[in-house]
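# Coordinate analysis (summary)
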Amino acid sequence: MQNWDDVAQLYINNTLVWSANSWSGNGNFNVVVGTYYLDSSPSVEIRNRENGGLSNISVSITNTNIPSTAPTAITGTTVLCEGTSTTLTASGGTMGTTGSFQWGTGSTVGANIIAGATTASLTVTPTTTTTYWVRRVDSICWVTTAAVTTTVTVNATTVAGNLSSPTTTICKNAAVSEITLTGNTGAVVKWQYAADAAFT
């Protein structure tokens, strides 16, 4: 209530929430009445009584429930080796008055919600290639924004494998049998050889 003259009352949904029996010129002005939840069809009624002379009343209503807007990107390392972690961070958009982040996994936004993940950053250690999504949620009406997604690719741990050949001892000038690699994980970058088993 900014000012009034002489007596004022404020009703919200037919309930008296504030009143003053003397005019605001007595030093009683710019009074914060309170914060209230207004539904889709609220009733706000202001009553003013004049005891004599001129009359005035002024009230301001401020929206304290600013809605969130959707994040626009997720940053962080998205190609990992098995057993390692990465921190994903949501950016863009704006956080509303009662907003928080919500993270989940999978291609369906809203499914597989990660409990307790309510901040902009999320540290994960996926065991397989996984898609993550993030959005904002406003708690007053549980309104959700659109989401953004990213996929973290997990590469299996490199395994050297085994070499085998049907012939490991040959005579001079004889043809060498083919050497076969089996049981390896990861791409073969190159073959090397040395004159000793320690490859010194």
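Predicted model, so just to flag it, every value in this text is computed and none were measured.

So, on to the overall build of the chain. Tallying secondary structure elements over the chain gives zero helices and 15 strands in all. The C-alpha atoms of the chain give 35 Å as radius of gyration, which overshoots the globular expectation for 200 residues (16 Å, by more than 25%). Its C-alpha atoms give the chain principal-axis dimensions of about 125 × 30 × 20 Å. Residues counted as buried form 21% of the 200 residues belonging to the chain. A separation threshold of at least 6 residues defines the contact pool for the chain, and within that pool the share at least 24 residues apart is 56%. In the structure as shown, the chain presents an accessible area of about 13100 Å², 53% of it carried by carbon and sulfur atoms.

Within the largest apolar cluster, 13 residues are counted, with the highest numbers of intra-cluster contacts made by I74, L88, W103, L122, Y132 and V134. The contact partners of I74, leaving out residues within four places of it in the chain, are L88, T89, W103, Y132, V134, V148, T149 and T150. W4, A8, L10 and W18 belong to the second largest nonpolar core, which has six residues in total.

Attention shifts here to the sheet that holds strand β2 (residues 7–12). Pairing in this open sheet of three strands is antiparallel, and the strands run β3-β2-β4 from one edge to the other. Every other strand in the sheet has two partners, leaving β3 (15–20) and β4 (44–49) as the edge strands with one partner each. Adjacent strand axes in the sheet meet at a mean angle of 15° when their direction is disregarded.

Scanning the model with the defined rule gives one aromatic pair in all. Measuring from centroid to centroid gives 4.9 Å for W4 and W18, while their planes differ by 80°, and the two rings are edge-to-face. In this pair, W4 sits in strand β1 (residues 3–5) while W18 sits in strand β3, placing the two residues 14 residues apart along the sequence.

It is worth spelling out the side chain of D138 at this point. Note on placement: D138 falls in strand β11 (residues 130–138). The buried charged residue D138 lacks any salt bridge, with R136 as its nearest oppositely charged partner at 7.5 Å.

What follows is about a nonpolar patch on the surface. Among the surface-exposed residues, Y36, L38, V44, I46, I57, V59 and I61 lie close enough to one another that they form a single nonpolar patch of about 560 Å² accessible area. Within the secondary structure, V44 is located in strand β4.

Within the element layout of this structure, S107 appears in the loop between β9 (99–105) and β10 (121–124). In the structure, S107 is positioned 85 residues away from S22 in sequence and 62 Å away in space, judged by C-alpha atoms.

Okay, unusual backbone geometry next. Geometrically, the link from D5 to D6 is a cis peptide bond, its omega value of 5° lying close to zero. Summarising the element assignment, D6 is placed in the loop between β1 and β2. In this structure, N14 is a non-glycine residue whose phi angle is positive, near 70°. On the secondary structure map, N14 appears in the loop between β2 and β3. In this structure N14 comes out as exposed when scored by relative accessible area, which is 63%.

Strands belonging to one sheet form pairs held by backbone hydrogen bonds; the direction of such a pair is parallel or antiparallel. Pairing within the open sheet is antiparallel, and its three strands lie in the order β6-β8-β10. Two strands in the sheet have a free side with no partner beyond their single neighbour: β6 (73–75) and β10. Adjacent strand axes in the sheet meet at a mean angle of 25°, parallel and antiparallel pairs treated alike.

All right, on to the side chain of S24 then. Considering the arrangement of structural elements, one finds S24 in the loop between β3 and β4. Exposure remark for S24: the relative accessible area of 7% places this residue in the buried category. The contacts of S24, once residues within four sequence positions are left out, are N3, W4 and F29.

The next thing to look at is the environment of T131. Assignment of secondary structure puts T131 in strand β11. A relative accessible area of 25% places T131 in the partly exposed class. For the pair T131 and T108, spaced 23 residues apart in sequence, the C-alpha separation works out to 9.5 Å. Filtering out sequence-adjacent residues up to four positions away, T131 remains in contact with G104, T105, G106, T149, T150 and T151. Within the structure, the side chain of T131 is placed 3.0 Å from the side chain of T151, a separation counted as a polar contact.

How each quantity is defined
Residues numbered from 1 in each chain as written. Predicted model: local features only at pLDDT ≥ 70, side-chain atom pairs only at ≥ 80, totals over all residues. Heavy atoms only, no water. Helix = DSSP H or I, 4+ residues; strand = E, 2+ residues; numbered from the N terminus. Rg over C-alpha atoms; globule rule 2.2 N^0.38 Å. Buried < 20%, exposed > 50% of the residue type's maximum accessible area, 1.4 Å probe, protein only. Contact = heavy atoms within 4.5 Å. Areas by Shrake-Rupley, 256 points an atom, 1.4 Å probe, with all protein chains shown as cover. Core = buried A, V, L, I, M, F, W, Y, C linked by side-chain atoms within 4.5 Å. Pairing = 2+ DSSP bridges. Axes fitted to C-alpha atoms, helices over the stretch in contact; angles between N-to-C directions. Phe/Tyr/Trp six-rings, centres within 6.5 Å; stacked < 30°, edge-to-face > 60°. Lys, Arg positive; Asp, Glu negative; His and termini not counted. Salt bridge = Lys/Arg side-chain N within 4 Å of Asp/Glu carboxyl O. Patch = residues over 30% accessible without salt bridge, like charges linked within 9 Å, V, L, I, M, F, W, Y side chains within 5 Å. Polar contact = N/O pair within 3.5 Å; in protein donor to acceptor, adjacent residues only side chain to side chain.

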